[in-house]
Amino acid sequence: MRRWTVSAALLLLLCLSLLPDQGPKLHANAEESDESEGVVDPPKVEEKIGAVPGGLSTDSDVAKREAESISKRSLRSSAEKFEFQAEVSRLMDIIINSLYSNKDIFLRELISNASDALDKIRFLALTDKEVLGEGDNTKLEILIKLDKENKILSIRDRGIGMTKEDLIKNLGTIAKSGTSSFLEKMQTGGDLNLIGQFGVGFYSVYLVADYVEVISKHNDDKQYVWESKADGSFAVSEDVWNEPLGRGTEIRLHLRDEAQEYLDEFKLKELVRKYSEFINFPIRLWASKELDVEVPADEEESSEEETSETSSSEDEESEDEDAEKKPKTKTVKETTYEWEVLNDMKAVWLRNPKEVTDEEYTKFYHSIAKDFSDEKPLAWSHFTAEGDVEFKAVLFVPPKAPHDLYESYYNTKKSNLKLYVRRVFISDEFDELLPKYLNFLMGLVDSDTLPLNVSREMLQQHSSLKTIKKKLIRKALDMIRKIAEEDPDEFSDKDKKDVEKTDENDEKKGQYAKFWNEFGKSIKLGIVEDATNRNRLAKLLRFESTKSDGKLASLDQYISRMKPGQKDIFYITGTSKEQLEKSPFLERLTKKNYEVIYFTDPVDEYLMQYLMDYEDKKFQNVSKEGLKLGKDTKIKSLKESFKELTNWWKDTLASENVDSVKISDRLDKTPCVVVTSKYGWSANMERIMQSQTLSDANKQAYMRGKRVLEINPRHPIIKALQERVAKDPQDESVKETAKLMYQTALMESGFILQDPKDFASRIYGTVKGSMNISPDVEVEEEEAEVEEEPEPEQEESSTEIEEEAEDQASLKDEL
């Protein structure tokens, strides 16, 4: 059976190899060119379709010939007919319906092709100026014109143009623009990086057009017309009816009915400024403009004015006579047309950073950020990356954070970074270029190595994006670090003496504090999300502490102020600095001159779960177990002397789920506090999680830290309690006192009481005892009030009833 299967497979392969070639069949002229040049290479999606713009100037004969051509909407009978390559006809539907998810990009592709054609002729002109010709042919520009009546959108350039053979090969073979062969011929010099290498962009015209004409004139050939309806064939003929182009290419798109929006000038301006704002060559639109024009007034109007005017004095009569000598005019709106430049903003990132002024960077920032205020960005970074992936980039730190920066942070894909490929805008929705925590940065990336002829979805998967992202993150963090380094407020007292006072320093003073107040939460989120750059981000971290005097401090500054022998970085979390300053957890630490960091942002709790150490120093939450303040020789003897009390107290609090009762070395004036286990939630974290909308109390029970009651052995209350427990461990009043102290410690330590009513009852009981009120005294009963009976309503008199009956009877008769 196996032998039969192998034999059948071999026979099938043999039959397939003997099948005749079903490849493309071109006209005889095309076949002759193939014989002279060799076999045509199979299509590759690597280059661009030839430049395809065109110009529009008209005379009476041209208008007549064009009108006849438009009315037919069919391939000219005198033209030579060709079949698209089989691969092209099969891929056409894929390109039109699948490759491009946004119809607007057709204009981007055509302008990019036109720009490439102009690049080619400009490059050739470096060695031979005669190729540019004379007059208008020397103007390297892109012209866009609308014919609303005939529903035609035309794009023209004065680029290199295409010969008849180029039209057949380039527009009949997918991705065959001739750019690669052009590059191969050029051996030395030239601005080759500006020449595009994409090819399928031309076919995006069929997203909006059902009939396309490409008119092209090359210096080495006559003017020809390429036309197609995307039905599997195209025609090429010598152009004897359109006005001569001189040199270059013009594309005429006969728009579909559903694509009439592209006949709107405002729509085209918007698309050009979005996608092609930084193209090297001027892009001009034949745009309408309304002007106020003075025209002679009608005779009837002037006569009416004369009859209505009356002079009251001789002076007025003389003035009227002078006025009559001047012709009467009126102001009317007149529509005129002129070429309007759409891309006047220069590509700053292509210049040397040393040559760009601060004012130019600020203007460029306002342009890309659509920020119309006068505020300068806090910082910017302009750099060029070389290596496997080459790109240029400009990054800006905005002066203010958007109001919705952190709303739905993890649910929205939002980026302020624009991606360009060879100065052509691709998208601003690439959240893969920068991580979420840096999505507040503005700027752009321009790469010459990324493919331009694929959709955004396909480009997001490109391997080069990972390399670009890595370099962008590093440059962004360096830019933010530089804000801190140049801020005089960030210098230590020793450094401040060495810094000269200048106007520049005064301008940069307080800049990092401003940045931190606006975007500090983003840095904290970065520490949580980006393990690779966690140490770099930790250097940017700022906070207030017990020794910062209300100013922001860094971890490096904290370490420089650490006491000799201190191994841990102490911090405490809470809702506000004012609350934390009064916390009992800080009593002994501040007394011994230790510095403690205040973390008051809810995200700080998540932050400290990931930031475990910094510069070989461990972080220690002073409200958790594990706090060590040096060696205490008396702690062992204190544990022994209070062992009876701690064991008794733990048994008394058995119903409160207290893990243990210990002697504390962190208290000074407070009798007791409640701390949590080292790896469980702190009191602040517990409160945050309980306030979540969709929190699950059952699941949270697993994450709650074990509670430990720590007592201050030097406090008089604790000593008195120890004595009373030693006399009578079963005394109920002592047990109530112990429970009340625990609940009070819970509340003071930041926990939420599970049973506030029980706590309040114990407080009221204590108040009764202090006022010598018997605990058995009950609240007086309220005196019962006698309810008054409502007065009975008076019955209607018989006369009123009779009158009402008569009224009803009369009404019935009328009906």
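The name an unreviewed UniProt entry assigns to the protein is Endoplasmin homolog, from the organism Acorus calamus. Quoted straight from UniProt, the Sequence similarities (unreviewed entry) entry for the protein says "Belongs to the heat shock protein 90 family."

Participant: Honestly, the sheet that holds strand β20 (residues 658–663) in this entry has me stumped. Any pointers?
Facilitator: Through backbone hydrogen bonds, the strands of a sheet pair up, either in parallel or in antiparallel fashion. A sheet is described by the order of its strands in space; here three strands give the open sequence β20-β22-β21, paired in mixed fashion. Of all strands in the sheet, those bounded by a partner on one side alone are β20 and β21 (672–676). Direction aside, neighbouring strands of the sheet carry axes that sit 25° apart on average. The sheet contact formed by β21 and strand β22 (residues 707–711) spans five bridges and is antiparallel. Residue pairing in the sheet places Thr 676 in a bridge with Arg 707 of β22. Sheet strands in contact with helix α27 (residues 732–748) are β20, β21 and β22, and its direction is about 60° off that of β21.

Participant: Sorry if this is basic, but what is going on with unusual backbone geometry here?
Facilitator: Glycine aside, negative phi is the norm for most residues, and most peptide bonds take the trans geometry. Despite not being glycine, Asp 549 has its phi angle at roughly 55°, a positive value. For Asp 549, the location among the structural elements is in the loop between β15 (544–545) and α18 (555–560). Of the residues examined, Asp 549 reaches a relative accessible area of 71% and is grouped as exposed. Located in the positive-phi region is Asn 772, a residue other than glycine, with phi close to 55°. Here Asn 772 lies in the loop between α28 (756–770) and α29 (798–814).

Participant: Got a minute to help me understand the packing of helix α21 (residues 602–610) against helix α24 (residues 683–690) in this structure?
Facilitator: Packed helix pairs are characterised by how far apart their axes lie and by the angle those axes make with each other. The N-to-C vectors of α21 and α24 enclose an angle of 120°; their axes lie 10 Å apart at closest approach. The pairing of α21 with α24 is recorded here as oblique in orientation. The interaxial crossing formed by α21 with α24 has left-handed handedness. Packed against α21, whose contacting residues are Pro 602, Glu 605, Tyr 606 and Gln 609, the element α24 presents Asn 684, Met 685, Ile 688 and Met 689 at the interface. For the contact of α21 with α24, the per-class residue count stands at five nonpolar, two polar and one charged.

Reading guide: rules and limits
Residues numbered from 1 in each chain as written. Predicted model: local features only at pLDDT ≥ 70, side-chain atom pairs only at ≥ 80, totals over all residues. Heavy atoms only, no water. UniProt positions renumbered as here; feature names shortened; annotations may be inferred. Pairing = 2+ DSSP bridges. Helix = DSSP H or I, 4+ residues; strand = E, 2+ residues; numbered from the N terminus. Axes fitted to C-alpha atoms, helices over the stretch in contact; angles between N-to-C directions. Contact = heavy atoms within 4.5 Å. Buried < 20%, exposed > 50% of the residue type's maximum accessible area, 1.4 Å probe, protein only. Parallel < 35°, antiparallel > 145°, perpendicular 65-115°, else oblique. Left-handed = near helix turned anticlockwise from the far one by under 90°. Nonpolar A, V, L, I, M, F, W, Y, C, P; charged D, E, K, R; others polar.

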